[in-house]
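Summary of structural features
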Amino acid sequence: MIPTYEPVIGLETHIQLNTNSKIFCACKADSWGEAPNTNICPVCTGLPGVLPVLNRAAVEKAVRLAAAMQAESIQSLSYFARKNYFYPDLPKGYQISQYDEPLARGGQLDLPMPDGPPRHISITKLHLEEDAGKTVHDGERRLIDFNRCGVPLIEMVTGPDLRSADEAAQYLIRLRQLLRWLGISEAEMEKGHLRCDANVSIRPAGADYLNPKTEIKNVNSIDAVRQAIQTEIERQIREVEAGRPIQAWTLEWDEDNGSLHKMRSKETEADYRYFREPDLLPIRLEDAWRSEILAGLPELPLARRARFQESYRLPAYDAEILTEERSLSEYFEAAVAAHGGEPKAVSNWLMNDVLRMLRERGLSAGQLRLLPGDLAEIIRMVDAHTITTNTGKELLEKVEATGRRPAEIVADEGLAVVADEGELRVLAEAILAENPGQVAAYKAGKLTLIGWFVGQVMRKTGGKADPQRTRALLEELLSP
Ligand SMILES: [Zn+2]
């Protein structure tokens, strides 16, 4: 019998916070696209005689995340620690991090499952730390860029709760959504705002012990995380089947070749000789400050998704898409309120037409010139047969392009449907008179010609006739 294996995966993520300045100095936090070593100061480059000062915004953003992860405790008192190691891109020779008294403990991230209740992925640790610089390889030379030194990071570690490469990818997708939702990180993996190391081991399915694990480093997209973990699971199964033990290696993912390389044997915590950071006071999260931060916490994505299904009677599919991004979900609610009718009608317009506009323009819903009230007004005009559906779709683009209100554009450009019954009747009669052959064919039983007659009227009106009314009128005129 072939034994079946169960993968056991834990993820360690580093999240770059979108504060204005770095965590311990006044340098800009984000150096994306800047020349190397242009965004540095004596503090973040670790020159002698300088002292770090903690950035309040970094603490606030970390507390928001901890609360959103349902942390069991957000500590009133937490401490920074020195993590000592030597690396060319770490000019101080240590990293300021948190160790035995981190900002928050416990918590979970819920992964919705297609069938059944969500999976709870436990969070074992959430702490603040500073980033190190970057080593850039240039042929035989190694170049050092210190711009990233002192960028505020949250390190967040899950328990060994994930059971497949796909689940690990799902975790990152949900985490990315949450970080953007909370407005604490841009969470773009390609830009290194969200980095992920994966701990992977396997065990016989159903076992309750943990086997030695390997750690995969340097994975910088969600697809790469999925591929790297899957590759490592398969390698471990081959090793175990061949009777070889799994060793606790650190592996590096080579994106170009889709393969893993051994970097080094893993360090242990003792190697870092942690001690309390003597240059910084502890973080005192007083009750008033804590309540102020938590008061600004929005309804979270999964709760909003459930509410959309419940109170707007939306299908799960709609609710999922409309809550992928916070500004889109807010846009939807504002449009529903302005429309006052069936929420599903607003959802249809948003998901078909507005989402396409957003993707084409690379905008988020909050950046549109087409306001929720404009969308609601356009839907109402279509429903009232004041304009045709096609005109409605064109109006979306026109409002977005000009920033003018829909009713104004309809009036100025004469886009309203031919509302006058008499006018429409004259047009329809003229078409019938001009086409005796088609009329005869229709009367002889070729009823599909009605579509052609409707098309002729639409052409004469420049697309402004209401197709249903036109059709009814033609059927009446053609009836014996
Ligand atoms: Zn600095």
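Relevant structure appears above.
Bear in mind the structure is a predicted one, so any value in this text is a computation, not a measurement. (Residues numbered from 1 in each chain as written. Predicted model: local features only at pLDDT ≥ 70, side-chain atom pairs only at ≥ 80, totals over all residues. Heavy atoms only, no water.)

**Side note on the overall build of the protein**
Rules: Here a strand is any run of E in DSSP of at least two residues, a helix any run of H or I of at least four, and the numbering for each starts at the N terminus. In this description the radius of gyration comes from C-alpha coordinates, and the expected globular size is given by 2.2 Å times residues to the power 0.38. Each residue gets one of three labels from its accessible area relative to the maximum for its type: buried under 20%, exposed over 50%, partly exposed in between, using a 1.4 Å probe on protein chains only. The contact rule is simple, with two residues in contact once any of their heavy atoms fall within 4.5 Å. For the area figures, the Shrake-Rupley method with a 1.4 Å probe applies, and any residue is considered shielded solely by the protein chains shown.
Counting secondary structure elements, the protein contains 15 helices and 17 strands. A globule of 480 residues ought to have a C-alpha radius of gyration of about 23 Å, yet the protein, at 30 Å, is considerably larger. Here the C-alpha coordinates of the protein stretch approximately 95 × 60 × 50 Å along the principal axes. Residues classed as buried in the protein amount to 46% of the 480 residues present. Taking the contacts inside the protein whose residues are at least 6 apart along the sequence as the reference set, 68% of them involve residues at least 24 apart. Here the protein displays about 23200 Å² of accessible surface, and carbon together with sulfur accounts for 52% of that area.

**Let's talk about the pattern of salt bridges**
Keep this limit in mind: The working definition used for a salt bridge is a side-chain nitrogen of Lys or Arg within 4 Å of a carboxyl oxygen of Asp or Glu.
Taken as a whole and judged by the stated rule, the model has 39 salt bridges. For Arg-307, the salt bridge identified is with Glu-299, shortest N-O distance 2.8 Å. Of the residues examined, Arg-307 reaches a relative accessible area of 27% and is grouped as partly exposed. For Glu-360, the salt bridge identified is with Arg-356, shortest N-O distance 3.4 Å. Here the residue Glu-360 and the residue Arg-356 both occupy positions in helix α8 (residues 343-361), the gap between them amounting to 4 residues, near one helical turn. A relative accessible area of 54% means that Glu-360 is categorised as exposed. Among the charged side chains, a salt-bridge network with shared partners connects Asp-353, Arg-356, Glu-360, Arg-361, Lys-393 and Glu-397.

**Considering the sheet that holds strand β5 (residues 94-97)**
Which entries qualify depends on this criterion: Pairing between strands is defined by DSSP: at least two bridges between them are needed.
An order of β5-β4-β16 is seen for the 3 strands of this open sheet, with the pairing classed as antiparallel. Both outer strands of the open sheet, β5 and β16 (275-276), are each paired with one neighbouring strand and no more. Bridge analysis of strand β4 (residues 81-84) against β5 gives 4 bridges, and the strand direction is antiparallel. Counterpart to Asn-84 in the pairing with β5 is Tyr-94.

**Quick word on the coordination of the zinc ion**
For clarity, the threshold we go by: Each metal site lists N, O and S donors within 2.8 Å (3.2 Å for Na, K and Ca). With water left out of the atoms, a site can look as if it is missing ligands. Here the metal geometry follows the donor angles, with tetrahedral for four donors whose angles all fall between 85 and 135 degrees, square planar for four and octahedral for six when opposite donors are more than 155 degrees apart and every other angle is between 65 and 115, and irregular for all the rest.
Bound to the zinc ion on the protein side are Cys-25 (SG), Cys-27 (SG), Cys-41 (SG) and Cys-44 (SG), at distances that span 2.3 to 2.4 Å. Considering all 4 donor atoms around the zinc ion, the spread of angles at the metal, 103 to 114 degrees, places the coordination shape in the tetrahedral class. Each donor residue of the zinc ion belongs to the same chain, and together they define the spacing C-x1-C-x13-C-x2-C. With Cys-27 in the loop between β1 (5-16) and α1 (56-68) and Cys-41 in the loop between β1 and α1, the pair connects residues that are 14 residues apart, well separated along the chain. For Cys-41, a relative accessible area of 22% gives the class partly exposed.

**Some words on the nonpolar core**
The following threshold applies: Only buried Ala, Val, Leu, Ile, Met, Phe, Trp, Tyr and Cys residues count toward a nonpolar core, and they belong to the same one when joined by side-chain atoms within 4.5 Å.
If you look at the biggest cluster of nonpolar residues, it comprises 68 residues, and the most contacted ones within it are Leu-11, Leu-65, Leu-128, Tyr-171 and Ile-229. Residue contributions to this core peak at 9 residues, all from helix α2 (residues 165-182). Residues in contact with Leu-65, not counting those within four places in the same chain, are Ile-15, Leu-126, Ile-154, Met-156, Leu-178, Leu-179, Leu-182 and Ile-184. If you look at the next biggest cluster of nonpolar residues, it comprises 34 residues, including Phe-332, Leu-368, Leu-396 and Val-399.

**Here we look at the pairing of strand β10 (residues 141-145)**
Looking at chain direction, strand β9 (residues 134-138) and β10 are connected through 5 bridges and run antiparallel. The residue of β10 that forms the bridge with Val-136 is Leu-143.

**Focus on unusual backbone geometry**
One non-glycine residue with positive phi stands out, namely Gln-70, at about 55 degrees. Relative to the elements of secondary structure, Gln-70 occurs in the loop between α1 and β2 (73-74).

**A closer look at the environment of Asp-420**
With respect to the helices, strands and loops of the structure, Asp-420 is situated in the loop between α11 (406-413) and α12 (421-434). Given the relative accessible area of 45%, Asp-420 is considered partly exposed. Here the alpha-carbon distance between Asp-420 and Ala-465, two residues 45 residues apart in the chain, equals 9.9 Å.

**Notes on the packing of helix α13 (residues 436-443) against helix α14 (residues 449-460)**
Worth spelling out the cut-off: Here an angle of 0 to 180 degrees is reported between the N-to-C directions of two axes, which are lines fitted to C-alpha atoms, with helices fitted over the stretch in contact. A crossing counts as left-handed when the near helix is turned anticlockwise from the far one by less than a right angle, and as right-handed when that turn is clockwise. In this count, Pro and Cys sit with the nonpolar residues alongside Ala, Val, Leu, Ile, Met, Phe, Trp and Tyr, while Asp, Glu, Lys and Arg are called charged and the others, Gly among them, polar.
Between α13 and α14, the least distance of the axes is 10 Å, while the angle of their chain directions is 145 degrees. As α13 packs across α14, the resulting crossing turns out to be left-handed. Across the interface between the two elements, Gln-438, Val-439, Ala-441 and Tyr-442 of α13 pack against Leu-449, Ile-450, Trp-452 and Phe-453 of α14. Here the residues of the contact of α13 with α14 are counted per class, giving 7 nonpolar, 1 polar and no charged.

**Digging into the environment of Glu-324**
When you line up the elements, Glu-324 lands in the loop between α6 (316-322) and α7 (326-339). In sequence terms Glu-324 and Pro-301 are 23 residues apart; their C-alpha atoms lie 7.4 Å from each other.

**Regarding the packing of aromatic side chains**
Threshold: Here the aromatic set is Phe, Tyr and Trp, taking the six-membered ring for Trp, and pairing holds for ring centres within 6.5 Å; pairs whose planes are under 30 degrees apart are stacked, those over 60 apart are edge-to-face, and all others are tilted. Look at NZ for Lys and CZ for Arg. If either is within 6 Å of the ring centre and within 35 degrees of the ring normal, a charge sits over the ring.
Under the criterion given, the structure shown has 10 aromatic pairs. With 5.5 Å between their ring centres and 80 degrees between their planes, Phe-24 and Phe-80 make a pair best called edge-to-face. Within this pair, whereas Phe-24 is found in the loop between β1 and α1, its partner Phe-80 is found in the loop between β3 (77-78) and β4, the two being separated by 56 residues in sequence. Accessibility classification places Phe-24 together with Phe-80 in one group, the buried group. Connected via pairs of aromatic rings, a cluster forms that spans Tyr-85, Tyr-87, Tyr-99, Tyr-272 and Tyr-274. Positioned above the aromatic ring of Tyr-94, the side-chain terminus of Arg-82 is 3.9 Å from the ring centre. The ring of Tyr-272 has Lys-83 lying over it, and the distance from NZ or CZ to the ring centre is 4.5 Å.

**Topic: the pairing of β1**
On a regular strand, each side chain points to the face opposite its neighbour's, so the side chains alternate between the two faces of the sheet. The element β1 is largely enclosed, with a buried count of 11 among its 12 residues. Here β1 pairs with strand β12 (residues 194-204) via 11 bridges, running antiparallel. The partner of Pro-7 across the bridge, within β12, is Ile-202. Note that β1 and strand β11 (residues 152-158) share 5 bridges and pair antiparallel. Looking at β11, one finds that Gln-16 is bridged to Leu-153.

Any functional reading would require information beyond the geometric quantities listed.
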